[in-house]
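# Fold and contact review
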Amino acid sequence: MKIPENQQIIISGVGGQGVLFVTRLLAEAAIAQGLSVITSETHGMAQRGGTVVSHLKVGDFASPLIRPGQADGLIALKAESVAVHGGYVRPAGWIVANSGEPLNSQATTAVMTLDAESVARQINNRRAINLVMLGYSLTRLAQACGGANALFCSLAEIQAVVAKRLADKKVLRDAALEALAAGAQSTP
Amino acid sequence: MAKKALMLGNEAIARGLVENGCVLATAYPGTPASEILGALAAFKTDAGVDMHVQWAVNEKVALEIAYAGSMSGLRTAVSMKQVGLNVASDPLMSAAYMGTKGGFIIVSADDPGPHSSQTEQDSRLMAMMAKIPVLDPRSPVQAKELIAVAYEVSETYRIPVMLRPTTRVCHARQDVEIKALRPCKPVVEFKKDPARWAATPKFRFILHQELEGKLAQIAAEPRTAPRLLNPETRAFKAVVTSGVAAAHAFEILQAAQLGDDLALFQVLQPYPLHQAFISELLTNYATVLVIEETMGVIEMQLADRTRVKGKLTNDVPRVGELLPETIEGLMCGFAGRRADACTVPAVPGRRPTLCAGCPHRASFFAIKKAAPKAIYTSDIGCYTLGLNLGAVDTVLCMGAAISQAAGFYHAHKNEARPPKIIATIGDSTFFHAGVPALIDAVVQKVRFVLVILDNRTTAMTGNQPTPATGVGVSGESLQAIDMEALVKGCGVTSVRTGDPYDLEEFIGLVKAAVADSQVKGPAVVIARHACLLDRRQAPPSHPARTITVTDTCDGCGFCIKHFECPALVMHGEGDQAFVAIDPVLCSGCGVCIAVCPKKSIKEIRG
C-alpha cells in the first residue's frame, strides 16, 4: 500500500458507539502535526442509535465531504457499516471493520477485521469498541505497509492526544489508553 | 505561527462573535445550530468577557431580546435553526424596517438533506423576504471570518445581517485560527426615537423606502462582493456557487482539472446580489450554472433566463443536499466533459430509536395501554421516535401536538363515537410553543389528554436547560418555572404527575386522565423522569437493576414490537427464538419486566 500525502478516511458505526470521538482524536492528531484538517459529522436525530458517519480529510482540502470511491480507508465500528459505507473507499484503499467473521467488500480487497467486542469484553470495558478499533487500525495498517505509518499519525500520537484531552479525568484516560493498547496488541 | 484549534463550525461562529465584541447573545437550540450558544458561553468564561448569554424560551423571544440590545447600541447576536426562524419571523420582518444601532447578527442554520429537520427551507429566501443581507459561509474558517464582516455591514448600514451556515458548515470541524479579542468598550444607550422604534404605518412607509436605499448600497458593498476562486481562468462559462457547495466545487475544479473550462465564483452575499456582479456575469460569460442550497436564491436574481441554468431550469436538483458527487456531475457536464463520478449505492442503514432506558418509551407504552385506539398527536423532539412504537400519528411543528389535538377533537366531536385523543409534547417544546395552544384548548373545552414528557432537559439537541431547570447556559442559577403551576395557570383542572418508570401506576394515571378529559376538557399528565443522557441531573430516582430473560421466554416478540428497546435482542428463529438482554446497552430501568406478557423478564437480585 502506498501512503498518500493527503488522506481521506470514513469512520462509521451506530449512534452511541463513539464515532465522533474517534474522528476527533484523529483530527486533533493531525493538528498536532501542523496538518490542515476538515471533518464532517452526524449530529441530531441519527445519534439516537441510527447510522452515523464521519468524513475526515487531512491535508489540502476545501470540502468537508469525501466523494464515493475516493476515500483511502474506512474504519467500521459495526460490520454492517462495510455494506453501507464501503462505496466511499477507492479500489486501492483499505477497510478495517469490527467483525467476528472475515468480511468481503466490492470496494477493495484490503479488508481487515477484528472482533473488537471480544477485546473490549476482555478488558472489561464494553463501551470502548471505538478505541479498540482505532488502536487496531493504527497498528494493523502499519503492519500491512511494512512497518511505516499507513495513517497520517501513529499510535503514540493518538495516545498523546488522549492523554491531553482526558488529562483531568484520570480514570477515563487510563481506560481509554488501555482500550487503545488492547486494540493495538490484537494484530495478528 | 498563529494559534490554531480544532473547532466545530458552530464553535468557530461562537469564537467569531466573542472576538468581534458581541456582548449579548440569545438562542433556542435546534440542530444544526445548537452548539453555538454553549460554545459562546465557554469562550466568554475563558476570556473573562462581560457578556449576557442565554437560552430563550423560543426563537421569537430570543430575537427580540438580542434586537433590543442592538437598539441600545450593543453588538448582539441570536442563533437558531431554519424552522426556528419561522417562529422568529414576526420580529425579523419588522426589525428590518426599523434598523439597528449596534451590530446585530441573526444566525439561521439550514439543514439541506434534511438530516434532522422538518423542512429543507432556505433561510436566505427568508432574508430576501425580510429585505436584509445574508452571508453564506463555505467552511468553519470562513464562517468565523464573516462574523467580523457581518458586524461591520450591520453597523455601516444599520441593518440586521443574517449568517446562514448549513449543516455541513455547522457540523464540520476544521483547524481554525484563534485571534485576540477586538478591543472595545461598549457604550449602552437607548436613544428614544418613536418615529423609528415605535413607527406607525405612515412612518413604516418611510422606513421601507430607507430600507430599499440601504439594500441598493449593500448590493455594491466591497467587503461582501463575490470572489472568483480561479482568477487565472479565461473560460467563458461561469459556475456560481455559495455556501458549502463552493467548497465542494473548488475541490472538484482542481481534482477534475476544470479550471480552463470554467470560471468558478463564490457568492458570499446571496442577497442582495451585487449588481456589478450580475452585469459582469451576463456580459462576460456565455452561460452560467448556479449551484446553491437549497433554493435558487442567487439564480432568481439573475434575470436573464436564456443563459442561466440552475434549479429553475431543472439542471440542478431542487430537493435534497447537493453532495460533492452530484456537483462533480453537474460541473463536468457543464464543461462538456464526461463525468466519471460514482455514487454510494443506497443501502438502508439503521433507523434511529429512543435510547435504552429512555423514560419516553415507558410513557408511550403506557399511553397505548390506556387508550389503544386513540389519535396520537405528537411534537418535535426525541419523542418523535415514538413513531417506532406506533404511539405517534402526527408531527407538524413545535407546539402543534396540542393545537392539532384540538383540531381533531372539533373535527370528530359530532361523531357517534368520537376517538380519544392523546397528545405528547416534551417539556422544552411545551414551554416553547405549547402554552398558548393549551390555553386555547382549555377555553374551547377540548376533550383530550396532554402527556407532557418532562425529562427536565432539551434532550434531542444536546441537553440544554429548560425554563424549569433553574440553570443557565453557563451553569448559573436562574429562576425555575413550576410546570404544574403553569399548567394549572392555563386553566387545566385535571393535572397529575407520575414517573413512567413505575409503569403500572403510570398507566393508571393516564387512564384516569382519559376519564377526566371526557367530562372536564383538557386533562394533563406530567410524565416526569430525567433524561439518561443528561449528566447534570440529580442521581436517578430508580437505581439501576440487573435484568435477565428467563428460560420461559418463548420468543413471541411482543417486547421487541411494542417496546422496541435496543437492549432487548431477539436470537434464533421459529421455535428456537428467544430474547436476551444486551448488557452493554441495558440501563437497568427494569420497565420491560412489566411489559413482558409471559412474565419472562426478571430482575436478578444480588
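Residues numbered from 1 in each chain as written. Chains lettered and ligands numbered in written order. Predicted model: local features only at pLDDT ≥ 70, side-chain atom pairs only at ≥ 80, totals over all residues.

Time to look at the overall build of chain B. Check the secondary structure of chain B and you find 20 helices and 23 strands. For chain B, the spread of C-alpha atoms along the three principal axes comes to 75 × 65 × 60 Å. When the 606 residues of chain B are sorted by exposure, 55% land in the buried category. Long-range contacts, defined as pairs at least 24 residues apart, comprise 76% of the intrachain contacts of chain B with a sequence gap of at least 6. (Helix = DSSP H or I, 4+ residues; strand = E, 2+ residues; numbered from the N terminus. Buried ≥ 20, exposed ≤ 12 C-beta atoms within 10 Å, placed from the backbone. Contact = placed C-beta atoms within 7 Å.)

Broken down by element type, chain A carries six helices and six strands. Taken from the N to the C terminus, the helices and strands of chain A come in the order β-α-β-β-β-α-β-β-α-α-α-α. Relative to the globule expectation of 16 Å for 188 residues, the C-alpha radius of gyration of chain A, 15 Å, shows essentially globular dimensions. Its C-alpha atoms give chain A principal-axis dimensions of roughly 40 × 40 × 40 Å. Looking at chain A as a whole, 58% of its 188 residues qualify as buried. Here the contacts in chain A between residues at least 6 apart in sequence split such that 55% fall between residues at least 24 apart. (Rg over C-alpha atoms; globule rule 2.2 N^0.38 Å.)

The next subject is the sheet that holds strand β6 (residues 134-135) of chain B. All names here are of chain B. Spatial ordering of the open sheet is given by β3-β2-β4-β5-β7-β6, a layout of six strands whose pairing is parallel. Strands at the two margins of the open sheet, each flanked by one partner only, are β3 (52-55) and β6. One ladder, built from three bridges, connects strand β5 (residues 104-109) with strand β7 (residues 161-163); its direction is parallel. When the sheet's bridge partners are listed, V107 is paired in β7 with L163. (Pairing = 2+ DSSP bridges.)

For the rest of this paragraph, the subject is the interface of chain A and chain B. Counting residues at the interface gives 33 residues for chain A and 39 residues for chain B. Sorting the residues of the side of chain A that touches chain B by element identifies α1 (19-32), β2 (37-40) and α2 (80-85) of chain A as the ones contributing at least two each. Sort the elements by how many residues they give to the side of chain A that touches chain B and β2 of chain A lands first, with four residues. Along the lines of polarity and charge, the residues of the side of chain A that touches chain B split into 15 nonpolar, 12 polar and six charged. Here β2 of chain A runs beside strand β8 (residues 172-177) of chain B; their pairing, made up of three bridges, is antiparallel. From the neighbouring strand, T39 of chain A faces β8 of chain B, where its bridge partner is R173 of chain B. (Nonpolar A, V, L, I, M, F, W, Y, C, P; charged D, E, K, R; others polar.)

Moving on to the environment of R182 of chain B. Residue and element names in this part refer to chain B. Position of R182 relative to the elements: it lies in the loop between β8 and α9 (194-197). On the neighbour-count criterion, R182 (13 C-beta atoms within 10 Å) is partly exposed. Sequence spacing of R182 and T156 is 26 residues, and the spatial spacing of their C-alpha atoms is 17 Å.

Low pLDDT marks regions whose predicted coordinates should not be analysed in detail. Here chain B averages 95 in pLDDT, while 100% of its residues score no lower than 70. Both scores are available for the predicted complex, with the pTM at 0.95 and the ipTM at 0.93. (pLDDT = per-residue confidence, 0-100.)

On to the domain arrangement of chain B. Residue and element names in this part refer to chain B. Assigned domains within chain B: domain 1 (4-186 + 196-219), domain 2 (225-334), domain 3 (359-528) and domain 4 (546-604). Computed over C-alpha atoms, the centres of domain 3 and domain 4 are 28 Å apart. The interface of domain 3 with domain 4 comprises eight residues on the first partner and eight residues on the second. Broken down by element, the residue count for the side of domain 3 that touches domain 4 peaks at three residues, all from helix α14 (residues 359-370). In the side of domain 3 that touches domain 4, the residues fall into five nonpolar, one polar and two charged. (Domains from an automatic or database assignment.)

Here we take up the pairing of strand β16 (residues 421-426) of chain B. Residues and elements named next belong to chain B. Burial within β16 is extensive, with six of its six residues counted as buried. Here β16 shows two buried faces, one formed by I421, A423 and I425 and the other by I422, T424 and G426. As judged from the five bridges shared by β16 and strand β17 (residues 449-454), these two strands associate in the parallel manner. When the bridges of β17 are listed, I422 appears paired with V449. Remark: the β16/helix α16 (residues 427-443)/β17 crossover connection has right-handed handedness. (Right-handed = clockwise from strand over helix to strand, strands pointing away.)

So, on to the nonpolar core. In terms of nonpolar packing, the biggest core is built from 181 residues, with V132 of chain A together with A25, L40, V239 and A249 of chain B touching the most fellow members. At nine residues, the largest contribution of residues to this core is made by helix α7 (residues 140-157) of chain B. Once residues within four sequence positions are removed from consideration, V132 of chain A is found in contact with A116, V119, A120, A179, A182 and G183 of chain A. (Core = buried A, V, L, I, M, F, W, Y, C linked by C-beta atoms within 7 Å.)

Once that is clear, we can look at the sheet that holds strand β4 (residues 71-76) of chain A. The eight strands are arranged β6(A)-β5(A)-β4(A)-β1(A)-β3(A)-β2(A)-β8(B)-β1(B) in an open sheet whose pairing can be described as mixed. Two strands close off the open sheet at either side, each with one partner strand: β6 (110-114) of chain A together with β1 (4-8) of chain B. Averaged over all adjacent pairs, the angle separating strand axes in this sheet is 20 degrees, with direction ignored. Against the sheet, α1 of chain A touches β1 (7-14), β2, β3 (51-58) and β4 of chain A together with β1 and β8 of chain B, its axis set at about 5 degrees to β3 of chain A. Where α7 of chain B meets the sheet, it contacts β1 and β8 of chain B, and its direction lies at approximately 55 degrees from that of β8 of chain B. (Axes fitted to C-alpha atoms, helices over the stretch in contact; angles between N-to-C directions.)

On to the packing of α1 of chain A against helix α5 (residues 155-165) of chain A. Residue and element names in this part refer to chain A. Relative to each other, α1 and α5 sit at 105 degrees, their axes nearing to 9 Å. Comparing the axis directions of α1 and α5 gives the class roughly perpendicular. Touching L25, E28, A29 and A32 of α1 are E157, I158, V161 and V162, all from α5. (Parallel < 35°, antiparallel > 145°, perpendicular 65-115°, else oblique.)

Side chains that are three or four residues apart share a direction in an α-helix, a result of its 3.6 residues per turn. Residues and elements named next belong to chain B. A rise of 1.5 Å per residue sets the reference length of helix α11 (residues 244-255), with its 12 residues, at 16 Å; its end C-alpha atoms lie 17 Å apart and thus fit the reference within 8%. Across the 12 residues of α11, 10 count as buried, placing the element largely inside the fold. Within α11, burial applies to V244, A245, A246, A247, H248, A249, F250, E251, I252 and L253. Buried residues belonging to α11 abut α8 (167-170), β10 (237-241), β11 (262-266), β12 (287-291) and α13 (324-334). (Expected span 1.5 Å × (residues − 1).)

On to unusual backbone geometry. Note the cis peptide between Y271 of chain B and P272 of chain B, where omega equals -10 degrees. Position of P272 of chain B among the secondary structure elements: in the loop between β11 and α12 (275-284). A positive phi is found at N124 of chain A, a non-glycine position, where the angle reads about 60 degrees. With respect to the helices and strands, the residue N124 of chain A is situated in the loop between α3 (116-122) and α4 (129-144). Since 9 C-beta atoms lie within 10 Å of it, N124 of chain A is described here as exposed.

Turning to the environment of T241 of chain B, a few remarks are in order. Residues and elements named next belong to chain B. Position of T241 among the secondary structure elements: in strand β10. With 29 C-beta atoms counted inside 10 Å, the residue T241 sits in the buried group. With 206 residues separating them in the primary sequence, T241 and E35 have C-alpha atoms 26 Å apart. Setting aside chain neighbours within four positions, we find T241 in contact with A246, A249, L264, F265, Q266, I291 and E292.

With 18 residues, helix α18 (residues 503-520) of chain B extends 25 Å from end C-alpha to end C-alpha; this agrees with the ideal 26 Å at 1.5 Å per step. Remark: G521 of chain B follows α18 of chain B within two positions and exhibits a positive phi of approximately 85 degrees.

All names here are of chain A. Among the eight residues that make up β3, eight are buried, leaving the element largely enclosed by the rest of the structure. Of the two faces of β3, both are covered, the one formed by T51, V53, H55 and K57 as well as the one formed by V52, S54, L56 and V58. In this sheet, β3 lies alongside β1 in antiparallel orientation, the contact comprising eight bridges. If you follow Q7 over to β3, its bridge partner there is V58. As judged from the four bridges shared by β2 and β3, these two strands associate in the antiparallel manner. Bridge assignment links I38 to a residue of β3, and that residue is K57.

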